[in-house]
Amino acid sequence: MNIEVIGSGSAFSLARNTSSIRVESQRGEQWLIDCGPTIPRALWRRGLGINELDVIYFTHIHPDHCAGLPALLNQWHSFGRDKPLTIVCQSAQRPLLNSLVALACWPDERCCFDIQWLDTQDHFIWRHWQVSTAPTIHAMPNRAIRIELDGQRLFYSGDGRPTPASEALMPGVDHAFLECAMLTPSESHGDLEQSLALAERLSLPRLWLYHCFDEHIPMIIERIQAYPNVALSEDGLYLN
Ligand SMILES: [Zn+2]
């Protein structure tokens, strides 16, 4: 499993792309998790081909996680993608994403490639990818995701405060990406002390904090220096 951080920033970050990662299997299958407004250009800069991504998974549909979809699909539509795309999302969030797909291809009635929609489930298998999802506490329903693939395990929280169900996806993962927007607790975002406690309690080998507010990042960097298994995720980080 290869993991590339396309974006690690919060919704309105001036320094980082909106949060998103790309996951690739040894067979070359590729998933994108979330697609905020700055993600298409970040992918194009990497030279991503129009037929490379197989699946886009949406943790939830706040704009910083989905507003890049029309631009990305519009590029594929404009340059003649011919590979089907699978979009995995919560069933209640599909209509809005479907309107973004329509925008991507408008005024054509449909995109030039097939789109298969899958509803997010607690557990499902896509090819040899074993996927589990669970809710976090966020301003809208958000589903954290765990992917087990090629003998490695990944956790990505999307947005929101951890729940017992989302925490249950974290033990045993090689890399855990946890939304940690700020230093102090809030109603619908992760915070630093809770994240550090989680890393200790679950003995996580590697916890990557992301989606931090720009103004909190210097303090977060300073505080995590005492935790060798905790690091700040960065745009362009590549793990294999
Ligand atoms: Zn967000």
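Refer to the structure printed above.
In this report, we go over the structure that sits alongside the text. (Residues numbered from 1 in each chain as written. Predicted model: local features only at pLDDT ≥ 70, side-chain atom pairs only at ≥ 80, totals over all residues. Heavy atoms only, no water.)

A short note on the coordination of the zinc ion
Piece 1. Those donors, Asp64 (OD), His65 (NE2), Asp159 (OD) and His211 (NE2), are the protein atoms that reach the zinc ion, and they lie 2.1 to 2.2 Å from it.
Piece 2. One way to put it: the four donor atoms around the zinc ion meet at angles of 93 to 164 degrees, and that makes the site irregular.
Piece 3. Coordination of the zinc ion draws on donor residues from a single chain, spaced D-H-x93-D-x51-H in sequence. Summarising the burial analysis for this pair, Asp64 and His65 share the class buried. (Donors = N, O, S within 2.8 Å, 3.2 Å for Na, K, Ca; no water. Tetrahedral: all angles 85-135°; square planar, octahedral: opposite > 155°, others 65-115°. Buried < 20%, exposed > 50% of the residue type's maximum accessible area, 1.4 Å probe, protein only.)

Some points on empty space enclosed by the protein
Piece 1. The tally for this structure, following the rule as stated, stands at one cavity of 30 Å³ or more.
Piece 2. Each pocket or cavity is described by its volume, and for the largest cavity that value is around 40 Å³.
Piece 3. If you go around the largest cavity, the residues you meet are Met1, Ile3, Gln152, Arg153, Asp174, His175, Leu239 and Asn240.
Piece 4. Looking at the lining of the largest cavity residue by residue, the class counts come to three nonpolar, three polar and two charged. (1 Å grid on protein atoms, 1.4 Å probe; cavity = no way out; pocket = protein on both sides within 12 Å on 5 of 7 lines; lining within 4 Å. Points joined across faces, edges and corners; volume = space filled by probe spheres on them. Nonpolar A, V, L, I, M, F, W, Y, C, P; charged D, E, K, R; others polar.)

Topic: the packing of helix 3 (residues 69-78) against helix 4 (residues 94-105)
Piece 1. The geometry of helix 3 relative to helix 4 is characterised by a closest axis approach of 8 Å and an angle of 40 degrees between their N-to-C directions. What the angle tells us is that helix 3 and helix 4 run oblique. The handedness of the crossing between helix 3 and helix 4 is right-handed. Of helix 4, the residues touching helix 3 (which contributes Leu69, Pro70, Leu73, Asn74 and His77) are Leu97, Leu100, Val101, Leu103, Ala104 and Cys105.
Piece 2. The class makeup of the residues in the contact of helix 3 with helix 4 is nine nonpolar, two polar and no charged. (Axes fitted to C-alpha atoms, helices over the stretch in contact; angles between N-to-C directions. Helix = DSSP H or I, 4+ residues; strand = E, 2+ residues; numbered from the N terminus. Parallel < 35°, antiparallel > 145°, perpendicular 65-115°, else oblique. Left-handed = near helix turned anticlockwise from the far one by under 90°. Contact = heavy atoms within 4.5 Å.)

Here's the deal with the state of the cysteines
Piece 1. In total, this model carries one disulfide according to the counting rule given.
Piece 2. The partner cysteine of Cys105 in its disulfide is Cys111, sulfur to sulfur 1.8 Å. The disulfide joining Cys105 to Cys111 has a torsion of about 60 degrees about its S-S bond and is therefore right-handed.
Piece 3. This cysteine, Cys35, is not joined by any disulfide, and Cys66 carries the nearest cysteine sulfur, 8.5 Å off.
Piece 4. Look at Cys35 and you get buried, because its relative accessible area is 0%. (Disulfide = S-S within 2.5 Å.)

With respect to the sheet that holds strand 8 (residues 129-135)
Piece 1. One open sheet accounts for seven strands, arranged 7-8-9-10-11-12-13; its pairing is mixed. At either margin of the open sheet sits one strand with a lone partner, and together these are strand 7 (123-126) and strand 13 (230-232). Averaged over all pairs of adjacent strands, the angle between their axes in this sheet comes to 20 degrees, without regard to strand direction. (Pairing = 2+ DSSP bridges.)

Brief notes about the pairing of strand 9 (residues 143-149)
Piece 1. Counting buried positions over the seven residues of strand 9 gives six, a clear majority of the element.
Piece 2. In the sheet, strand 9 pairs with strand 10 (residues 152-156) via five bridges, with the strands oriented antiparallel. Bridging from a neighbouring strand, Ile145 pairs with Tyr156 of strand 10.
Piece 3. Taking the residues that link successive antiparallel strands as the turn, the strand 9-strand 10 hairpin has two residues, and the phi of Asp150 there is positive, at about 50 degrees.

Focus on the pattern of salt bridges
Piece 1. As enumerated under the stated definition, the model contains 13 salt bridges in all.
Piece 2. The closest approach of N and O atoms between Glu234 and Arg16, which form a salt bridge, is 3.1 Å. Pair noted here: Glu234 is in the loop between strand 13 and strand 14 (238-239) and Arg16 is in the loop between strand 1 (2-7) and strand 2 (20-24), with a separation of 218 residues, a long-range link.
Piece 3. For Arg16, a relative accessible area of 14% corresponds to the buried category.
Piece 4. Of the charged contacts, one joins Arg201 and Glu167 as a salt bridge, the two residues approaching to 3.1 Å between their closest N and O atoms. In this pair, Arg201 is assigned in helix 6 (residues 192-201) and Glu167 in helix 5 (residues 164-167), connecting sequence segments 34 residues apart.
Piece 5. Of the residues examined, Arg201 reaches a relative accessible area of 54% and is grouped as exposed.
Piece 6. For Glu167, a relative accessible area of 17% translates into the label buried. (Salt bridge = Lys/Arg side-chain N within 4 Å of Asp/Glu carboxyl O.)

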